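Overview (structure and organization)
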Amino acid sequence: MTTGVAIIGGGASGSLTALAMAGVPGLGPLTLVDTGGAFARGVAYSTEDPVHLLNVPADRMSAFADQPSHLLAWLAARGESADPEAFLLRRQYGAYLGELLHATGDRVRRIVARVDALAPEGPGLRLTLAGGEALEARAAVLALGNFAPELPPGWSELPRRLAWRSPWGTAGDWPAPDAEVLLLGAGLTAVDVVLSLDARGHRGRLHLLSRRGLLPATHPPRMLPPLQLGARPRGLRALVRLFREASAREDPRAVLDTLRPELAAMWRGLSPVEQRRFLRHLRTWFDTIRHRLAPAVGARIAALEAEGRLVRHAGQLVSATEQGGRLALRIRPRGSRALAVLTVDLAIPTTGPVMDVRALEDPLVRSLLASGQARPGPHGLGFATSDQGAVLGPLHDRLWTLGGLRRGDLWETTAIPEIRVQARALAGTIAAALGTRPA
Ligand SMILES: Cc1cc2nc3c(=O)[nH]c(=O)nc-3n(C[C@H](O)[C@H](O)[C@H](O)COP(=O)(O)OP(=O)(O)OC[C@H]3O[C@@H](n4cnc5c(N)ncnc54)[C@H](O)[C@@H]3O)c2cc1C
């Protein structure tokens, strides 16, 4: 098999890249390869659960940055409500991206397969698929997205009915309605699982365990207008002071929203030591304000807490063992030396996607790192990339990436408002690169 550009990963990032490339001449045939075949939808928009909402308002979720009303027009054309500030169902958004991808017809060939390795072949690349088949391409884009959460040590030896291996259970897995369940992690993935259990009529107590016991903030009912924040200082300390002082006068969510378009530049302006300090001391706090819940979701979570059906714990899991058919979890509460024991019927890992590529078991990531074709980005977050998204290393003229794999270089790179811009830019960059090379 041969192609012009192979896009590895068919989730939202890969599909937005294919959409952007479909209209650009000079790229040759386009092939989108995805392990599970969840084309366009990927991890975030595959859910069929009607309680899973977008966490970004509709007017910021258009597939095309230069057509901000595109999604709203799509909704209106289907006779659906097109409130720019609405938080749509994630499955609705998956249908939107799916329809756009479908409309590219034969221009984008889709293959359900896992790419396990790639290597230079003449001026292009040879991709090895899991079954041993090969795909030759002039260039490739890595759009590998969200990797499953890391499991605590010894977790895989526990029976599956007591300890799920991933946050996304299948229909047969759901616990009995009165089961007591612990979720490891208290971010957006944990909230997804709480909502799914709640919608299924779950009555048993749900526990959320995270180091600080913080939940994501909730979006205000209407978007807050941007603020006048004055000149942006340089350096982490000064930026934190700016944020603190502004947040004493204004809603911290509005402060962050005002700074959001500049976050990548701010991150790049920090020294490696400052970036490390941010990751160690400020990241959790930043994430709770940055990654928010839709208002309806925030209200439901608050109600569950008020009823005592959802309980938050701040601390660290020390061990998990089977005990009398249940799971005994030893926890070190935050700020305490003594251990506490919590016994539950099921524990679910919801710590969010792994971002350090050095910790991943993924065959393609491992082979790229082992062969030196890619190297870890700053702090191991994704790959080291050029300003244009080329994967730095021997394949920099034919291998590019976007989205989560650029986290170390850009930090703010995993949501649609950033991904759609990167996808469009890559289409132009790769067309220009291939234009100077013999086919
Ligand atoms: C639960 C959740 C909710 C979110 N909600 C929002 C939201 O409301 N708004 C927003 O802007 N952002 C949201 N995000 C952020 C989200 O990451 C992006 O919007 C976007 O979905 C990322 O898409 P992706 O294609 O990069 O990743 P993914 O969806 O993870 O897709 C990557 C795809 O690559 C495939 N793949 C990986 N390795 C290989 C390989 N070796 N060979 C072949 N295929 C491979 C995987 O099977 C997968 O299908 C959410 C994220 C999550 C996890």
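Definitions and cut-offs
Residues take numbers from 1 onward in each chain, read along the sequence in its written order. Local features are withheld for residues below a pLDDT of 70 in this predicted model, meaning they are given only at 70 or higher, and side-chain atom pairs are given and counted only at 80 or more; totals for whole chains, interfaces and linings count all residues. Neither water nor hydrogens contribute to the side-chain values; these are computed over all heavy atoms in the structure. Put simply, DSSP H or I for four residues or longer makes a helix, DSSP E for two residues or longer makes a strand, and each gets a number counted from the N terminus. Domain start and end points were adopted from an automatic or database domain assignment. Any two residues having at least one pair of non-hydrogen atoms within 4.5 Å are treated as being in contact. Note on definitions: buried area is the accessible-area loss of two parts on being combined, 1.4 Å probe, summed for both. By convention in these notes, a salt bridge is any Lys or Arg side-chain nitrogen within 4 Å of a carboxyl oxygen on Asp or Glu. Pairs of N or O atoms within 3.5 Å make up the polar contacts considered here, provided that, within protein, one atom can donate a hydrogen while the other can accept it, and that residues adjacent in sequence are counted only when both atoms are side-chain atoms. Burial status follows relative accessibility: with a 1.4 Å probe on protein chains alone, a residue under 20% of its type maximum counts as buried, one over 50% as exposed, and anything between as partly exposed. For two strands to pair, DSSP has to find at least two bridges joining them. Handedness of a crossover is defined as follows: orient the strands so they point away from the viewer, and if the path from the first strand over the helix to the second runs clockwise, the crossover is right-handed. Residues enter a nonpolar core if they are buried and are Ala, Val, Leu, Ile, Met, Phe, Trp, Tyr or Cys, with the set joined through side-chain atoms within 4.5 Å.

**Describing unusual backbone geometry**
- Positive phi, normally seen in glycine, also occurs at His379, with a value near 60 degrees.
- Within the secondary structure, His379 is located in the loop between α10 (363-370) and β13 (399-401).
- In this model, Trp411 sits at a positive phi of 60 degrees, which is unusual for a non-glycine residue.
- Following the sequence through the fold, Trp411 ends up in the loop between α11 (407-410) and α12 (416-435).

**Focus on the domain arrangement of the protein chain**
- Domain boundaries assigned for the protein chain yield domain 1 (2-147 + 354-435), domain 2 (155-217 + 292-349) and domain 3 (236-290).
- Of note, the centres of domain 1 and domain 2, computed from C-alpha atoms alone, are 31 Å apart.
- At the interface, nine residues of domain 1 touch twelve residues of domain 2.
- Here domain 1 packs against domain 2, burying approximately 760 Å² in sum over the two surfaces, 60% of which is carbon and sulfur.
- Summed over the shared surface of domain 1 and domain 2, the number is two salt bridges.
- A salt bridge links Asp192 to Arg90; the shortest N-O distance between them is 2.6 Å.
- There are five residue pairs in polar contact (both at pLDDT 80 or more) connecting domain 1 and domain 2.

**Brief notes about the pairing of strand β8 (residues 206-210)**
- Within β8, five of the five residues are buried, which leaves it mostly tucked inside the rest of the structure.
- Here β8 shows a buried face lined by Leu206, Leu208 and Ser210 and a second buried face lined by His207 and Leu209.
- For strand β7 (residues 181-184) and β8, the ladder comprises four bridges, and the chain directions are parallel. By the bridge assignment, Val181 is partnered in β8 with Leu206.
- Between the parallel elements β7 and β8, the chain passes through helix α4 (residues 188-199) in a crossover that is right-handed.
- Where β8 lies against strand β9 (residues 310-323), five bridges are found, and the strand directions are parallel.

**Notes on the nonpolar core**
- In this structure, Val5, Met21, Leu71, Tyr93, Leu97, Val141 and Ile430 are the most contacted members of the largest nonpolar core, which totals 45 residues.
- Elements with a contribution of two residues or more to this core: β1 (2-8), α1 (12-22), β2 (30-34), α2 (70-77), α3 (90-102), β6 (134-142) and α12.
- In this structure, Leu118, Leu144, Phe147 and Val391 belong to the second largest nonpolar core, which totals 28 residues.

**Digging into the environment of Ser210**
- Within the element layout of this structure, Ser210 appears in strand β8.
- Taking the C-alpha atoms as reference points, Ser210 and Asp83, separated by 127 residues in sequence, lie 35 Å from one another.
- Discounting chain neighbours no more than four positions away, the residues touching Ser210 are Gly185, Ala186, His313, Ala314 and Gly315.
- Here the side chain of Ser210 touches Gly213 through a polar contact of 2.9 Å, landing on its backbone nitrogen.

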